[in-house]
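The residues making up each chain are set out below.
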Amino acid sequence: MIQYKSTRGGDHLRTAASAVIKGIAEDRGLFVPDSIPALPFRPGEMVGRPYKEVAKAVIGAFFTDYTEEEIQACVDGAYDEKFEAEDIVPVVGAGDAFFLELYHGKTAAFKDMALSILPYLLTTAMKKEKEEKKIAILTATSGDTGKAALEGFADVPGTEIIVFYPSDGVSEVQKRQMTTQEGANTHVFGIRGNFDDAQTGVKQIFDDEAFNAALEQRGFRLSSANSINIGRLVPQVAYYVYGYIKLIEQGVIREGDPVNIVVPTGNFGNILASYYAGRMGIPVNRFICASNTNKVLTDFINTGEYNTGRPFHVTYSPSMDILISSNLERLLYHLSGSPEEVRKMMEKLAQEGHYSVSGAVREGMKPFWGGFADDEETLESVRGMYREHGYLMDTHTAVAYKVYEDYRAETGDLTPTLLASTASAYKFASSVNRALEMPEEADGFACVRALETETGVKVPSGLKDLDQKAVRHPAVIEKTALRQAIEDSLK
Ligand SMILES: *Cc1c(COP(=O)(O)O)cnc(C)c1O
């Protein structure tokens, strides 16, 4: 039986179900499994098996307090026709890498992989833990998480979902995706401020005991759909395992051969999931962590110092514009084995904006390689791949590919490589059109149509005709008005 504990040591052991409901530990640490399970199969045995089967086995290995039938039902509900690719996660060779296409879900970004199953994991957990209150999911988003959470939770009984996004900090397509959201339990607010304001506001609400007590009186418990929730992390492990099996199936590797994994990184959730896949037994040579100009993680991997004392850049890969990568805390825990050490580093980060890791942690970081691409390099990467290989990448995936090319040039390492492809190019069409040197368009929606005409790649149905859809959530509020908005939503 695997149990969950806080990275900072200040919470009791919990079942997975309890950790999923809670979201974040009592001491503000993150929940981690007390041991990482071994793969429940040999990868070679699973060649040709559908995604759902791999996901069920991997998630079941972590969430041992859920029954097999419960996990099966969660997986069946999540990975169905909502995904526009028949095999859910196609693995496509282009240029020097194998692209793990994680963006064929409803909102056209990889967040769907976890957020389409989280509502099932959560509602199952509520039954198991006999939770009788309604769960109100609060989410601050820089664009992709919000929409994926809205789609995941729309009309899920026993839940309300409230999303705050920076009114001027998301792409036109992203904003319209959220403001047109259907579902009687969905609530969406733009705020006058940036993503950090939204994130900080939401964190303060989680910490506000009086406010939480008042909501509980009215029958609501707050929870989070951000990637601090273990119910988001674990489903992501499955697709790295699946990607490895696919490479065997395609004859690229034989069972047991090592691979590299490249991940365009923001909050460190996705790359941490690949690390868990490695700990389960997938032979990973290098974890390559790709950043944009906000390269806190590149510097951290190269120096052992995490330092947020730097300007924040708005880039063409906005979902990676982040200076505090929350999930790194989990890696620090696994490498140090010391909740005390983690707590000290996190306190130093909160007070002084930086911390350094011990020699042992640096040693453990050796399989990680860090690099970054600036905006110009990102656009060149999109353009080069499309012109030389006819393969269309979004701007986040393009950052990862550029960093991977740098890695190959510097190390000469030709190990077969899986690259996490995190969004459809259409989600960031205006930047992609610029990369392809196409004429300017009137707005983001015209960019989508022009890109389809240019490339012939099908527009994901969730992004089609977005500008024709009715806006249901026009509200834009002050960043000081979050509590009021929550009270009004939870009527
Ligand atoms: C969220 C996101 C990322 C960053 O993923 P993390 O798990 O936060 O590191 C990268 N690309 C896209 C398109 C995203 O939406």
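This text goes with the structure placed above it.
Keep in mind that what you see is a predicted model, and the values were worked out from it rather than measured. (Residues numbered from 1 in each chain as written. Predicted model: local features only at pLDDT ≥ 70, side-chain atom pairs only at ≥ 80, totals over all residues. Heavy atoms only, no water.)

With 12 residues, helix 11 (residues 269-280) extends 17 Å from end C-alpha to end C-alpha; this agrees with the ideal 16 Å at 1.5 Å per step. Counting buried residues in helix 11 gives 10 out of 12 residues, a clear majority hidden from the surface. Taken together, the buried positions of helix 11 are occupied by Gly269, Asn270, Ile271, Leu272, Ala273, Ser274, Tyr275, Tyr276, Ala277 and Met280. Directly after helix 11, the chain includes Gly281, whose backbone phi takes a positive value near 135°. (Helix = DSSP H or I, 4+ residues; strand = E, 2+ residues; numbered from the N terminus. Expected span 1.5 Å × (residues − 1). Buried < 20%, exposed > 50% of the residue type's maximum accessible area, 1.4 Å probe, protein only.)

Another point: the site of the ligand. Not every one of the 15 residues close to the ligand is listed here, only the nearest: Lys111, Asp144, Gly266, Asn267 and Thr422. Interatomic distance of 2.7 Å between a backbone N/O atom of Asn267 and an oxygen atom of the ligand. The separation between an oxygen atom of the ligand and a polar main-chain atom of Asn270 is 2.9 Å. Considered on its own, the ligand offers 380 Å² of accessible surface; in the complex 96% of this is hidden by protein. Taken together, the residues that form the shell around the ligand break down as 5 nonpolar, 8 polar and 2 charged. (Near = heavy atom within 4 Å. Polar contact = N/O pair within 3.5 Å; in protein donor to acceptor, adjacent residues only side chain to side chain. Areas by Shrake-Rupley, 256 points an atom, 1.4 Å probe, with all protein chains shown as cover. Nonpolar A, V, L, I, M, F, W, Y, C, P; charged D, E, K, R; others polar.)

Here we come to the pairing of strand 13 (residues 368-372). Counting buried positions along strand 13 yields 4 of 5 residues, so the element is predominantly enclosed. Direction of pairing for strand 10 (residues 284-291) relative to strand 13: parallel, over a ladder of 5 bridges. Looking across to strand 13, one finds that Cys289 is bridged to Gly370. (Pairing = 2+ DSSP bridges.)

Let us now look at the sheet that holds strand 13. Taken together, 6 strands build an open sheet; the order of strands is 3-4-14-9-10-13 and the sheet is mixed. On the outer flanks of this sheet lie strand 3 (91-94) and strand 13, each paired with one strand and no other. The average undirected angle you get between the axes of adjacent strands in this sheet is 25°. Here helix 11 sits on the sheet and contacts strand 9 (259-264), strand 10, strand 13 and strand 14 (417-421); the angle it forms with strand 10, its principal contact strand, is near 175°. (Axes fitted to C-alpha atoms, helices over the stretch in contact; angles between N-to-C directions. Contact = heavy atoms within 4.5 Å.)

All right, on to the side chain of Thr123 then. Assignment of secondary structure puts Thr123 in helix 5 (residues 118-128). Its relative accessible area of 18% is what places Thr123 among the buried residues. Beyond its immediate sequence surroundings of up to four residues, Thr123 is in contact with Val156, Pro157 and Thr159.

Where helix 20 (residues 482-489) is concerned, the buried positions are Leu482, Ala485, Ile486 and Ser489. Buried residues of helix 20, viewed axially, fall in a sector of 100°; they line one side. The elements touched by buried residues of helix 20 are strand 5 (134-140), strand 6 (159-166), strand 7 (186-192), helix 8 (195-207), helix 9 (209-217) and strand 15 (476-478). (Arc of directions from axis to C-beta.)

Attention shifts here to the nonpolar core. Nonpolar side chains tend to gather and get buried jointly when the protein is soluble and globular. Judged by nonpolar contacts, the single largest core of 107 residues is most densely connected at Tyr51, Phe62, Phe63, Tyr79, Leu332 and Tyr355. Per element, the largest residue contribution to this core is 13 residues, and it comes from helix 10 (residues 230-249). Residues contacting Tyr79, with those up to four places away along its chain left out, are Tyr51, Lys52, Ala55, Ile88, Met113, Ser116, Ile117 and Pro235. Counting residues in hydrophobic clusters, the runner-up holds 42 residues, among them Ala94, Tyr426, Cys447 and Ala450. (Core = buried A, V, L, I, M, F, W, Y, C linked by side-chain atoms within 4.5 Å.)

All chains considered together, the criterion is met by 35 salt bridges. Between Asp11 and Arg14 there is a salt bridge; the shortest N-O distance is 3.3 Å. You can call Arg14 buried: its relative accessible area is 9%. In this structure, the salt-bridge partner of Glu68 is Lys56, at a minimum N-O distance of 3.1 Å. Of the two residues, Glu68 sits in helix 3 (residues 68-78) while Lys56 sits in helix 2 (residues 51-62), which places them 12 residues apart along the sequence. Here Glu68 falls in the exposed class, since its relative accessible area comes to 54%. The class for Lys56 is buried, based on a relative accessible area of 19%. One continuous salt-bridge network, built from bridges that share partners, spans Asp11, Arg14, Lys22 and Glu26. (Salt bridge = Lys/Arg side-chain N within 4 Å of Asp/Glu carboxyl O.)

For the coordinates displayed, the defined rule picks out 2 cavities of 30 Å³ or more. Roughly 420 Å³ of internal volume is contained in the largest cavity. Elements supplying a minimum of two residues to the lining of the largest cavity: helix 6 (144-153), helix 8, helix 10, strand 9 and helix 11. Among the residues forming the lining of the largest cavity, the class breakdown is 12 nonpolar, 15 polar and 4 charged. What the second largest cavity holds in volume is close to 40 Å³. Thr265, Gly266, Ser291, Asn292, Asn294, Val296, Leu297, Met320, Ile322 and Ser325 together form the lining of the second largest cavity. (1 Å grid on protein atoms, 1.4 Å probe; cavity = no way out; pocket = protein on both sides within 12 Å on 5 of 7 lines; lining within 4 Å. Points joined across faces, edges and corners; volume = space filled by probe spheres on them.)

A word on the layout of surface pockets. In this structure, the second largest pocket spans a volume of roughly 570 Å³. The wall of the second largest pocket is formed by 28 residues, among which Gly169, Val170, Ser171, Val314 and Pro318 lie closest to the centre. When residues of the lining of the second largest pocket are traced back to their parent elements, those giving at least two are helix 7 (172-179), helix 8, helix 18 (429-435) and helix 19 (444-455). Top contributing element to the lining of the second largest pocket by residue count: helix 18, with 3 residues. Taken together, the residues that form the lining of the second largest pocket break down as 12 nonpolar, 9 polar and 7 charged.

Moving on: the pairing of strand 9. Strand 9 sits mainly inside the fold: 6 of its 6 residues count as buried. Both faces of strand 9 are covered, namely the face carrying Val259, Ile261 and Val263 and the face carrying Asn260, Val262 and Pro264. Pairing of strand 9 with strand 10 involves 5 bridges; the strand directions are parallel. Note on strand 10: the bridge partner recorded for Val262 is Ile288. Bridging between strand 9 and strand 14 involves 3 bridges; their strand directions are parallel. Bridge assignment links Ile261 to a residue of strand 14, and that residue is Leu418.

Our focus in this paragraph is the packing of helix 10 against helix 11. Two elements in contact, helix 10 and helix 11, have axes separated by 8 Å at closest approach and are oriented at 65°. Helix-helix and strand crossings are classified by hand; for helix 10 and helix 11 the assignment is right-handed. For the pair helix 10 and helix 11, contact is made by Leu233, Gln236, Val237, Tyr239, Tyr240 and Val241 and by Gly269, Asn270, Leu272, Ala273, Ser274, Tyr276, Ala277 and Met280, respectively. Within the contact of helix 10 with helix 11, the residues separate by chemical class into 10 nonpolar, 4 polar and no charged. (Left-handed = near helix turned anticlockwise from the far one by under 90°.)

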